Amino acid sequence: MTLATEPRRPPRPRPTKRAPGAGRGRRVLDHGAWFLVLPALLPILVLSVGPLLYGIVLAFTDAQSGRTAPTQWIGTLNFQDLLHDTLFWESFRIGLLWAVGVTVPQFLLALGLALLLNQDLRLRWLARALAIIPWAMPEVVVGVMWRLVYNPDAGILNETLRDLGLGDGRDWLSGLATALPAVIVVGVWAGMPQTTVALLAGLQNTPRELHEAAAMDGAGAWRRFRTVTWPAIRPVALAITALNFIWNFNSFALVYVLTNGGPGGRTRLPMLFAYEEAFRYGQFGYAAAMGCVMVAVISVILALHLVGRLRGGEER
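Residues numbered from 1 in each chain as written. Predicted model: local features only at pLDDT ≥ 70, side-chain atom pairs only at ≥ 80, totals over all residues. Heavy atoms only, no water.

Turning our attention to the overall build of the protein chain. Scanning the protein chain from N- to C-terminus turns up 13 helices and zero strands. What you see in the protein chain, going N to C, is helices and strands ordered as α-α-α-α-α-α-α-α-α-α-α-α-α. Expressed as a percentage of its 316 residues, the buried residues of the protein chain come to 34%. Within the protein chain, counting contacts between residues at least 6 apart in sequence, those at least 24 apart form 65% of the total. (Helix = DSSP H or I, 4+ residues; strand = E, 2+ residues; numbered from the N terminus. Buried < 20%, exposed > 50% of the residue type's maximum accessible area, 1.4 Å probe, protein only. Contact = heavy atoms within 4.5 Å.)

As structure tokens, this is what we get:
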């Protein structure tokens, strides 16, 4: 009768002795890495983090321009005034309308253009180069150019409408009903190229074998987009849409050049309102409080976006 013997466990490896000074060398490398990163961190700290912290502190003071008396700490008084400032909340509503009105068409048009530029077309390189021209133009130049397009007397838009017999034209940027839609059109045109480039990069990273396999299974164009293309570019689409919403909500130069917030405040975005309070009326503390509210809103949007991305990663 044979007895079953348990398999012998392999001997544990003996801990190796660390060479003297190994931990010190690693710490030296860590310090060296910090010295390498420091030149990139300094501009961020000086130009971004520093002004942000100063603006937060300024929001709790009564700072004003041209004031001889010392600035005093007033606590949350500026934020209490903001709660009852109907003009600010109206500009906030206009800012949300502007951000959504620009971001949604911007994404849809950029997606269609990216799908088109991803096809094997003749002179595709030229079409791609022309598609990013608006991205290379400064916002001030874009605003001046579109002011000429919308000119009520000799603008290209009104001249085209007259030639087609569709009326005598109108003052698009000065009309109460047309100012915001006209500015939204410019925002979509100016911001579409970077969305197109991001989506096109996502499309080019999608394996062609997946499309070919779906086509061999009898899937049509819409089914291939829904089952193959969209899952591949969904992370890029969510990221660029969130960034576009934040950029559009913080827009300043384009709307400032086009309408300066008019007519009657119909295009006065929150950034324009804060700018007027600070540099036209000299209420630096009050304007800083507006900036803090906008930073809080953007932080909430970013947090929701990150939570959605994390949940999406866990579901996969």
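Don't stop here, the text continues.
Working note: non-glycine residues mostly have negative phi, and peptide bonds are mostly trans. A cis geometry characterises the amide bond from G262 onward to P263, with omega recorded as -5 degrees. Among the secondary structure elements, P263 is positioned in the loop between α11 (253-258) and α12 (270-279). Non-glycine residue N260 carries a positive phi angle of around 55 degrees. Looking at where N260 falls in the secondary structure, it is placed in the loop between α11 and α12.

We now examine the packing of aromatic side chains. Taken as a whole and assessed by the stated rule, the structure comprises 17 aromatic pairs. Relative to W230, the ring of F225 lies with its centre 6.4 Å away and its plane at 40 degrees, an arrangement referred to as tilted. Judged by centre distance (6.1 Å) and plane angle (65 degrees), the ring pair of F279 and F284 falls under edge-to-face. Assessed through its relative accessible area of 28%, F284 is described here as partly exposed. Taken together, the ring pairs connect F88, W89, F92, F249 and F273 into an aromatic cluster. If you follow R170 out to its NZ or CZ, it ends over the ring of W172, 5.7 Å from the centre. (Phe/Tyr/Trp six-rings, centres within 6.5 Å; stacked < 30°, edge-to-face > 60°. Lys NZ or Arg CZ within 6 Å of the ring centre and 35° of its normal.)

This part is about the UniProt feature "transmembrane region" (unreviewed entry) in the protein chain. UniProt's entry tags residues 33-60, 96-117, 129-149, 172-192, 236-258 and 284-307 with the feature "transmembrane region" (unreviewed entry), counted in the numbering of this structure. Along residues 172-192 the backbone is 67% helical and 0% strand, and the end-to-end C-alpha distance reaches 22 Å. For residues 284-307, the end-to-end C-alpha separation is 34 Å, with 100% helix and 0% strand making up the annotated structure. (UniProt positions renumbered as here; feature names shortened; annotations may be inferred.)

A few words on the packing of helix α3 (residues 86-117) against helix α10 (residues 221-249). When two helices pack together, their arrangement is given by the angle between the helix axes and by the axis-to-axis distance. One can describe the packing of α3 onto α10 by two numbers: an axis separation of 10 Å at closest approach and a directional angle of 145 degrees. The way α3 lies across α10 gives a crossing that is right-handed. On the side of α3, the interface is formed by F92, G95, L96, W98, A99, V100, V102, T103, Q106, F107, L111 and L115, while α10 contributes F225, T229, W230, I233, A237, T241, N244, F245, N248 and F249. Here the contact of α3 with α10 is built from residues that sort into 15 nonpolar, seven polar and no charged. (Axes fitted to C-alpha atoms, helices over the stretch in contact; angles between N-to-C directions. Left-handed = near helix turned anticlockwise from the far one by under 90°. Nonpolar A, V, L, I, M, F, W, Y, C, P; charged D, E, K, R; others polar.)

Tracing the backbone through its elements, the reader meets T206 in the loop between α8 (179-204) and α9 (208-216). At 3.2 Å, the side chain of T206 forms a polar contact with the backbone oxygen of G202. (Polar contact = N/O pair within 3.5 Å; in protein donor to acceptor, adjacent residues only side chain to side chain.)

Side chains of F35, L38, L42, I44, L45, V46, L47, V49, L52, L53, I56 and V295 sit close together on the surface and give an oily, nonpolar patch of about 1,100 Å² of accessible area. Looking at which element gives the most residues to the nonpolar patch, the answer is helix α1 (residues 22-58), with 11 residues. With respect to the element layout, I44 can be found in helix α1. (Patch = residues over 30% accessible without salt bridge, like charges linked within 9 Å, V, L, I, M, F, W, Y side chains within 5 Å. Areas by Shrake-Rupley, 256 points an atom, 1.4 Å probe, with all protein chains shown as cover. Salt bridge = Lys/Arg side-chain N within 4 Å of Asp/Glu carboxyl O.)

Moving on: the environment of A154. Summarising the element assignment, A154 is placed in the loop between α6 (139-149) and α7 (156-163). Note: C-alpha distance between A154 and G169 (15 residues apart in sequence) is 9.9 Å.

What follows is about the nonpolar core. In terms of nonpolar packing, the biggest core is built from 22 residues, with W98, W146, Y150, V186 and L258 touching the most fellow members. Within the residue set of this core, elements represented by two or more residues are α3, α6, α8 and α11. Of all the elements, α8 adds the most residues to this core, at seven residues. Among all residues touching L258, those that are not within four sequence positions of it are G143, W146, R147, L173, V183 and V186. Judged by nonpolar contacts, the second largest core, of 20 residues, contains L58, I246, A274 and C292. (Core = buried A, V, L, I, M, F, W, Y, C linked by side-chain atoms within 4.5 Å.)

Applying the stated criterion across every chain, the model contains three salt bridges. Residues E159 and R162 are paired through a salt bridge, measuring 3.2 Å at the closest nitrogen-oxygen approach. With E159 and R162 both in helix α7, this residue pair falls three residues apart, about one helical turn. Note on E159: relative accessible area 33%, which makes it partly exposed. Residues E276 and R268 are paired through a salt bridge, measuring 3.4 Å at the closest nitrogen-oxygen approach. On the basis of relative accessible area, E276 is assigned to the buried category, the value being 8%.

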